[in-house]
Amino acid sequence: MLSLDPLGPEWDCPLGSKDLEEEEGPWGGGSGLPPPGSFSGSWRHDVGLDCKGSLEGAEARAWTTYYYSLLQSCLQQAGLPETQDRSQVPRTGNMLLCLSPAWLTKVPAPGQPGEAVLLVSKAVSFHPGGLTFLEDFVPPRRATYFLAGLGLGPGRGREAAELARDLTCPTGASAELARLLEDRLLTRRLLAQQGGVAVPATLAFTYKPPALLRGGDASPGVRLVELSGKEGQEALVKEEVGAFLHSGALGDALQVAVKLSGWRWRGRQALRVYPRVELGTVVDTVLALLEKLEEEESVLVEAVCPPARLPFPGSPPPGPELAVRICAVVCRTQGDRPLLSKVVCSVGRQDRPLRHRSSLPQTLEVALARCGLGETGQVAVVRQRVKTAAEAALAAVLALEAGLSAEQRGGRRARTDFLGLDFALTVAGRALTPVALELNGGLCLEACGALEGLWAAQHPRSAAEDAAAAPLVETMLRRSAHCLMEGKQLLLIGAGGVSKKFVWEAARDYGLKLHLVESDPNHFASQLVQTFIHFDVTEHRRDEENARLLAELVRARGLQLDGCFSYWDDCLVLTALLCQELGLPCSPPAAMRLAKQKSCTQLHLLRCQGPPWPAPSLHAVPCCPLESEADVEKAVHQVPLPGVMKLEFGAGAVGVRLVEDAPQCHEHFSRVARDLQGEADHPGIGLGWGNAMLLMEFVEGTEHDVDLVLFGGRLLAAFVSDNGPTRLPGFTETAACMPTGLAPEQEAQLVQAAFRCCLGCGLLDGVFNVELKLTGAGPKLIEINPRMGGFYLRDWILELYGVDLLLAAAMVACGLRPALPTHPRARGHLVGVMCLMSQHLQVLNSTSSRETLQGLHDQGLLRFNLLEEILEQGEYEEPYCSVACAGSSPAEARLRLLGLCQGLGIDGPDYPVAHFLSHFK
């Protein structure tokens, strides 16, 4: 269970006198050429790997050929097609693999002194279905994210490190960060001190330590002895080593290892293992190694963690005892939060150290079972402890990086996006404990890939969906999107209310340049944008004329726009018309009008009977438009009752009501016609189009939201949430849960129904929110909102999946395809309830005040989404706020929320939260 060089041919390396330059050849020594005859397989070898204008020497060309053969070998073993040479007709892949530094070029970035743009002239591109293509790019493509293999190992580590330094695009690693993470003493102290992660008991002798190791509090299990020089230290070393070997910090360890620490020794260190009782031999080895030290390097004496003796059912098997080495990959996700991606293990003899590439990768369950621990609950405990330790380790690294300067990180945009950790499984305090041995980013990811490769050909879908690199790829795509959107000029139509305050913070974080068109001259957002255009957008009968006037204003101001969009119901048709005037990407105005008018949506889709099949008509619901009392009389004979009566252009469920007979229909129609005549009666719900209504059939079933991202008529992502029972007869939303608790088949039905209904209306580009009911006969459409989902939805999707619908909408508006995960994995579960002023006015002024809820949100105890600015009860109400709790399961989140609502006074006889959450069981 030692922390060893995975590349060296022998684990017991003799103390050598060679300097670093002599040892730096690939694979731990020898010539600079790759190993001959490494791969067997059948693929073409006459492909053009040279890059025009950048010829390679013989040694560099040999490495490029080696890496190309390695790629083909991996593809072949995974059952995927050979790479096709399409260099004469380049395709447009998002993920590019460069096998040679000669395929990349750095050029100075205009207006950004000291930084460079990275250009790609040749690459292997990756496409769905496992297809790969060798391509030349003329002109070169600009990289929007760069992740390189760094360090002093085989191949092109130094060239990659230079390419990664000081780029304008985000980078997932740098030579400077790699040096920090390759210093075992630094990382070990960091993990123990900041992350609370168990590490081997360690005694370190350091000569002129780096600034990051000076001072600070003592670390559990790590003792640092700073030496004034490398010679004449015999007495001090003997005293410290003696005290360490006899200390209780070593626990049950019978052996200690002596090694060098520092980035210079990564992969070629000298190491010895000795019995704990051999004080003289350990001291002599430390003194010999001290002579090799340079500034900021250390000699470590560390406990060799005794493998856990796991209980075998019956008698243990004959032969040597087995030990487990655990390898974990953890990735940085949205909000700089660590997420354990995968755990892979290796099993071997206890008396021989386990190394990467020298043992077969296995799952944690299989590895522990082979060592005698097969009980499911105990394995789950070990997995949870590994998860906690791995995520704490990355959190500590990210906290360290946050305090570094751009120069110390190797560039303004350099970050660590994933970490690999090797753990020994030992017993501490009578509990099975993973002890962090070292950080091994690339090798741990490779070990996970090797395990996935064993499954890939037989189970391609599960291998792809459970890939260790999936969260890393999502982070790469997200950071790439931020790079693409930084500085984009966007015209925003309508600022919205307090529920959309997140827009201005997000725009600042993404570097968007917003220009706002808004009816309210005193809107707070007028001070947060590049340009504010005061323009009345509430009279929608004049949308076409207003679009022309706004286009003239935009041109007169000289705005050079990349896109134009809106997330506010009132402004969607105007936005589509304006985009048409300015020649900017958007769904057609006719499609927006069709989706905006609810009866037109349903009646149009009822006529869409295919092909293709299943057709959108399967999901549409019979309805009748209502403009007069005569229309009401006619509708009650055409639409089966009970029915639902609502405003044609309404939003927020204002004016929606369940009607059970003809008198109720007439009564509700007259009431709305009297109370909601124009924009002033209830701003922001669409009364600028008038107060026409519709009657539609009421369908039984559970209610769901599907939030879609479409680009060019293709579905890029879909997120399904479940709603609790609405408060009849008014249909005000009460509760919600995400991700959905439906069976996969039902979830797929909802997604496809939402997608086909959008296509049926002509909505091809944008972020859309589709409300449906899941009936016994399948999904039925309630309505299409041709904009980003409202209330809490953007916030929840960002929290659970790391996908920002606002950023996706902005990218589509700029004509850029968002690169989103096809099968996003939820980080947990959220369950929430709405607070209504008709039910909660008293508690919202006392126990559940805005300040109280915000304080609990800031403490991480709940998620609070404010939807209305003023606590004011009205005849037609909308929810005041949403309160939600997170959990690792829906049941956990539900119980937390119920307890919270009872404590805050939100739950009550007239507002039974338990009933509203009952759908989520």
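Computed from a prediction, not measured in an experiment: that's the story for all the values here. Residue positions within a chain follow its written sequence, with the count starting from 1. Two thresholds apply to this predicted model, a pLDDT of at least 70 for residue-level local features and 80 or more for giving and counting side-chain atom pairs, whereas whole-chain, interface and lining totals are computed over all residues. Note: side-chain values were computed over all heavy atoms of the structure, leaving out hydrogens and water.

**Q** So what's going on with the packing of aromatic side chains? Which residues, and what values?
**A** Under the pairing criterion, centres of Phe, Tyr and Trp rings, with the six-membered ring standing for Trp, must be within 6.5 Å; the plane angle then separates stacked pairs below 30 degrees from edge-to-face pairs above 60, leaving the rest tilted. Counting across every chain of the model gives eight aromatic pairs. Considering the side-chain rings of W63 and Y66, the 5.3 Å spacing of their centres and the 80° angle between planes classify their relative orientation as edge-to-face. With W63 and Y66 both in helix α2 (residues 58-77) and three residues apart, this pair spans about one turn of that helix. The burial state of W63 is the same as that of Y66; both residues are buried. When the ring of W63 is compared with that of Y67, the centres are 5.6 Å apart and the planes differ by 35°; the resulting orientation is tilted. On the criterion of helical spacing, the pair formed by W63 and Y67 is a turn pair, its members being four residues apart in helix α2. Three or more aromatic residues link up through ring pairs in this structure, and these residues are W63, Y66 and Y67. Its guanidinium or amino end placed over the ring of F137, R141 lies 5.3 Å from that ring's centre, counting from NZ or CZ. Criterion for a charge above a ring: Arg CZ or Lys NZ at most 6 Å from the ring centre, at most 35 degrees from the ring normal. For K501, the ring lying beneath its charged end belongs to F524, and the centroid distance is 5.3 Å. Only DSSP runs of H or I with at least four residues qualify as helices, and only runs of E with at least two residues qualify as strands; both kinds are numbered from the N terminus onward. A simple rule labels every residue: compare its accessible area, found with a 1.4 Å probe on the protein chains alone, to the largest value its type can have, and call it buried under 20%, exposed over 50%, or partly exposed in between.

**Q** With reference to specific residues and values, describe the environment of A595.
**A** Examined against the element boundaries, A595 turns out to sit in helix α17 (residues 589-596). Along the primary structure A595 and P786 are separated by 191 residues, whereas in three dimensions their C-alpha atoms are 6.5 Å apart. Once residues lying within four places of it in the same chain are set aside, the contact partners of A595 are T601, L763, I784 and P786. Contact between two residues is taken to exist if any of their heavy atoms lie within 4.5 Å; hydrogens are not considered.

**Q** Explain unusual backbone geometry to me, and be specific about the residues and the numbers.
**A** Cis rather than trans, the peptide bond between V138 and P139 has omega equal to -5°. Summarising the element assignment, P139 is placed in strand β5 (residues 131-142). Cis geometry is adopted by the peptide bond preceding P614, which originates at W613 and carries an omega value of 5°. Backbone geometry places D166, a non-glycine residue, at a positive phi of 55°. The phi torsion at F791 lies on the positive side, around 55°, for a residue other than glycine. Residue F791 is classed as partly exposed on the basis of its relative accessible area, which comes to 28%.

**Q** A description of the sheet that holds strand β13 (residues 418-428) should follow, citing residues and the corresponding values.
**A** A pair of strands is labelled paired if DSSP reports no fewer than 2 bridges between them. Pairing within the open sheet is antiparallel, and its four strands lie in the order β12-β11-β13-β14. Each end of this open sheet is capped by a strand with a single partner; those strands are β12 (337-349) and β14 (431-439). Across the sheet, the mean angle from the axis of one strand to that of its neighbour is 30°, orientation sign disregarded. In this sheet, β13 lies alongside strand β11 (residues 322-333) in antiparallel orientation, the contact comprising seven bridges. Looking at the pairing, V330 lines up with L419 of β13. Here an angle of 0 to 180 degrees is reported between the N-to-C directions of two axes, which are lines fitted to C-alpha atoms, with helices fitted over the stretch in contact. Set on the sheet, helix α5 (residues 184-195) makes contact with β13 and β14; between it and β14 the angle comes to about 145°.

**Q** Quick one: what's the story with helix α16 (residues 572-582), residue by residue and with numbers?
**A** The element α16 is extensively covered by neighbouring structure, given that eight of its 11 residues are classed as buried. Of all the residues in α16, the buried ones are L572, V573, L574, T575, A576, L577, L578 and C579. Of the residues one or two after α16, G583 is the one with positive phi, at around 70°.

**Q** Can you break down the pattern of salt bridges residue by residue, with the values?
**A** A pairing counts as a salt bridge when a side-chain nitrogen of Lys or Arg comes within 4 Å of a carboxyl oxygen of Asp or Glu. Inspection of the entire model under this criterion finds 35 salt bridges. Close ionic contact of E486 with R413 constitutes a salt bridge, the shortest N to O distance being 2.3 Å. With E486 in the loop between α13 (470-485) and β15 (489-493) and R413 in the loop between α10 (406-409) and β13, this residue pair connects regions lying 73 residues apart in the sequence. On the basis of relative accessibility, which here comes to 41%, the residue E486 falls in the partly exposed class. The exposure class assigned to R413 is buried, which follows from its relative accessible area of 17%. Across the pair R863 and E799 runs a salt bridge whose closest N-O atoms are separated by 3.3 Å. With R863 in strand β29 (residues 863-866) and E799 in helix α22 (residues 793-801), this pair connects stretches of sequence that are 64 residues apart. By relative accessible area, which is 21% here, E799 ends up partly exposed. Through salt bridges that share partners, R184, R325, D422 and E438 make up one connected network.

**Q** Summarise the confidence of the model for the protein chain; cite the residues concerned and give the values.
**A** Should pLDDT be low for a region, the predicted coordinates there are not to be read in detail. Mean pLDDT over the protein chain stands at 86; residues scoring 70 or higher make up 92%. Mean pLDDT values over the elements of the protein chain span from 27, in helix α1 (residues 20-23), up to 97, in helix α23 (residues 805-813). Per-residue confidence from the prediction method is given by pLDDT, with values spanning 0 to 100.

**Q** Which residues make up the packing of helix α15 (residues 543-556) against α16, and what values go with them?
**A** Packed helix pairs are characterised by how far apart their axes lie and by the angle those axes make with each other. Remark: α15 packs on α16, axes separated minimally by 9 Å, with the N-to-C direction vectors making an angle of 50°. Here α15 lies oblique to α16, going by the angle between them. The handedness of the crossing between α15 and α16 comes out as right-handed. On α16, the residues touching D543, E544, N546, A547, R548, L550, A551, V554 and R555 of α15 are V573, L574, L577, L578, E581 and L582. Split by residue class, the contact of α15 with α16 holds nine nonpolar, one polar and five charged. Convention used here: angles under 35 degrees read as roughly parallel, angles over 145 as roughly antiparallel, angles from 65 to 115 as roughly perpendicular, and any remaining angle as oblique. Crossing handedness follows the turn of the near helix against the far one: under a right angle anticlockwise gives a left-handed crossing, and clockwise gives a right-handed one. Think of it as three bins: nonpolar holds Ala, Val, Leu, Ile, Met, Phe, Trp, Tyr, Cys and Pro, charged holds Asp, Glu, Lys and Arg, and polar takes everything else, Gly as well.

**Q** Would you mind going over the nonpolar core in detail, with residue names and values included?
**A** Of all hydrophobic cores here, the largest spans 79 residues; its most connected members are L490, W504, L514, F565, C881 and V883. A total of nine residues in this core trace back to one element, the largest contributor, which is α23. Ignoring any residue separated from it by four or fewer positions in sequence, one finds C881 in contact with V833, M834, C835, L844, L853, F864, N865, L866 and L867. In this description, a nonpolar core means a group of buried Ala, Val, Leu, Ile, Met, Phe, Trp, Tyr and Cys residues linked to one another through side-chain atoms lying within 4.5 Å. Counting residues in each nonpolar core, the second largest holds 51 residues, with L491, I493, C564 and C758 among its members.

**Q** Got a sec to walk through the environment of L180? Specific residues and values, please.
**A** Relative to the assigned elements, L180 resides in helix α4 (residues 175-181). For the pair L180 and W263, spaced 83 residues apart in sequence, the C-alpha separation works out to 7.4 Å. Discounting residues that sit within four places of it in the chain, L180 has contacts with L186, T187, L212 and L404.

**Q** Outline the pairing of strand β26 (residues 766-775), supporting the account with residue identities and numerical values.
**A** Taking burial as the measure, the 10 residues of β26 include 10 buried ones, the bulk of the element. As paired strands, strand β23 (residues 702-711) and β26 are joined by nine bridges and run antiparallel to one another. Bridge assignment links H704 to a residue of β26, and that residue is L772. A loop of two residues connects β26 with strand β27 (residues 778-785), the two strands running antiparallel in sequence.

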